[in-house]
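# Coordinate inspection notes
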Amino acid sequence: MRNVVLPAIAVTLLSFGFTASSAHADAAKLTDPQIAHIAYTAGVLDIKAAKLALKKTKNPDVKTFAQDMVRDHTSVNDQALALLKKLNVTPEDNDTSKSLTKGADQERAKLAKLKGAAFDKAYAENEVAYHKTVDGALENTLIPSTSNAELKDLLSTGLKIFQGHEKHAEEVVANLK
Amino acid sequence: MHKPFLKLIVLGMSVIILAAAAKPAAAAETIRIETKSIAFTPAKVSAHVGDTVEWTNDDFVAHTATASNGDWNIALPVHGKGSTVLKKAGKITYICKFHPNMTGEIDVR
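Residues numbered from 1 in each chain as written. Chains lettered and ligands numbered in written order. Predicted model: local features only at pLDDT ≥ 70, side-chain atom pairs only at ≥ 80, totals over all residues. Heavy atoms only, no water.

### Describing the overall build of chain A
The helix and strand tally for chain A stands at seven helices and zero strands. Put simply, chain A runs from its N terminus to its C terminus through helices and strands in the order α-α-α-α-α-α-α. Every one of the 177 residues in chain A was classed for burial, and the buried ones make up 52%. Put simply, of all contacts in chain A between residues at least 6 apart along the chain, 83% involve residues at least 24 apart. Summed over all atoms, the accessible surface of chain A reaches about 8,400 Å², with 56% contributed by carbon and sulfur. (Helix = DSSP H or I, 4+ residues; strand = E, 2+ residues; numbered from the N terminus. Buried < 20%, exposed > 50% of the residue type's maximum accessible area, 1.4 Å probe, protein only. Contact = heavy atoms within 4.5 Å. Areas by Shrake-Rupley, 256 points an atom, 1.4 Å probe, with all protein chains shown as cover.)

Structure follows, in structure tokens:
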């Protein structure tokens, strides 16, 4: 069950040029309203996965991690919405956001069929993979492509938070073994 | 001349011992650390036993200051504070358990 979500997300991101090597070539295609929408969507999708975990898990480490994800991604998204309002920018839906959502919805349906330790393992491993992919996309493509300095700052802070989640998720995976 | 001289030495030593005993210990200080942009700032501090370390969270997400040796686990709510009194000497490393990429060190002397 390893990396259930990763292939879908990776394919999604790769298909829209989310690789370090193509970052510059594709950077011009993404606008700030689109970047904001992608980052916001990535947060919403992780909150949905966490809420599923909170319904299903009995493992205290997984539960704590999922609670952290809901709390932190809600905080980051609230900050993002406040900033966008201040900047008078409306997030713009786009193909990357749509594919991210579609891929995550499908994978969440797969996770929903698992139970107990199998669910915990798949969820935690997917959280590592998901954060790795999103962090890579933020670092290599989204942040370098962002024009507005305040949005760039917020995404950079978000990246540090999500890198923390990546490490935390790795610890949860290690403790499940 | 011998006895008074001995008395003088004893008296002198007593004064030294009393002075040492009466010397007030260095006043306990409060060392302030901020969490800023998802980092403990400063990341490394020196302190003395009896000092208080106080963390202020300037970030928009909650943090913790969690000692690696399990001695303390301090909640740092958004824009909140938390503190601990350092009880023993030695180097203590700590992390934020929500964001373990945040690390800090206190050298307690």
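There is more to say, and it comes next.
### Quick word on the pattern of salt bridges
On inspection of all chains with the given rule, the structure shows 13 salt bridges over all chains. With its nearest N and O atoms 3.5 Å apart, the salt bridge here joins Glu 54 of chain B to Arg 32 of chain B. A residue pair is termed long-range when its members are at least 10 positions apart, and Glu 54 of chain B in strand β4 (residues 52-57) and Arg 32 of chain B in strand β1 (residues 30-35) qualify at 22 residues. In this structure, Arg 109 of chain B engages Asp 107 of chain B in a salt bridge whose closest nitrogen and oxygen atoms are separated by 3.3 Å. In this structure Arg 109 of chain B comes out as exposed when scored by relative accessible area, which is 55%. Overlapping salt bridges, with partners in common, bring together Asp 68, Arg 71 and Asp 72 of chain A in one network. (Salt bridge = Lys/Arg side-chain N within 4 Å of Asp/Glu carboxyl O.)

### Some remarks on the packing of helix α3 (residues 32-56) of chain A against helix α5 (residues 95-112) of chain A
Residue and element names in this part refer to chain A. Where α3 contacts α5, the axes come no closer than 9 Å and their chain directions differ by 10°. Looking at the two axes, α3 sits roughly parallel to α5. Contacts between α3 and α5 involve His 37, Ile 38, Thr 41, Leu 45, Lys 48, Ala 49, Leu 52 and Lys 56 on the former and, on the latter, Thr 96, Ser 97, Leu 100, Thr 101, Ala 104, Asp 105, Arg 108, Leu 111 and Ala 112. A per-class count over the contact of α3 with α5 returns eight nonpolar, five polar and four charged. (Axes fitted to C-alpha atoms, helices over the stretch in contact; angles between N-to-C directions. Parallel < 35°, antiparallel > 145°, perpendicular 65-115°, else oblique. Nonpolar A, V, L, I, M, F, W, Y, C, P; charged D, E, K, R; others polar.)

### Here's the deal with the pairing of strand β9 (residues 103-108) of chain B
Taken residue by residue, a regular strand's side chains alternate between the two faces of the sheet. Residue and element names in this part refer to chain B. Extensive coverage of β9 is indicated by the burial of five of its six residues. With four bridges joining them, strand β3 (residues 44-47) and β9 adopt parallel strand pairing. Paired with Ala 47 across the strands is Val 108, a residue of β9. Sheet topology places strand β8 (residues 90-95) next to β9; six bridges connect them, and they run antiparallel. Along β9, the bridge assignment pairs Gly 90 with Val 108. (Pairing = 2+ DSSP bridges.)

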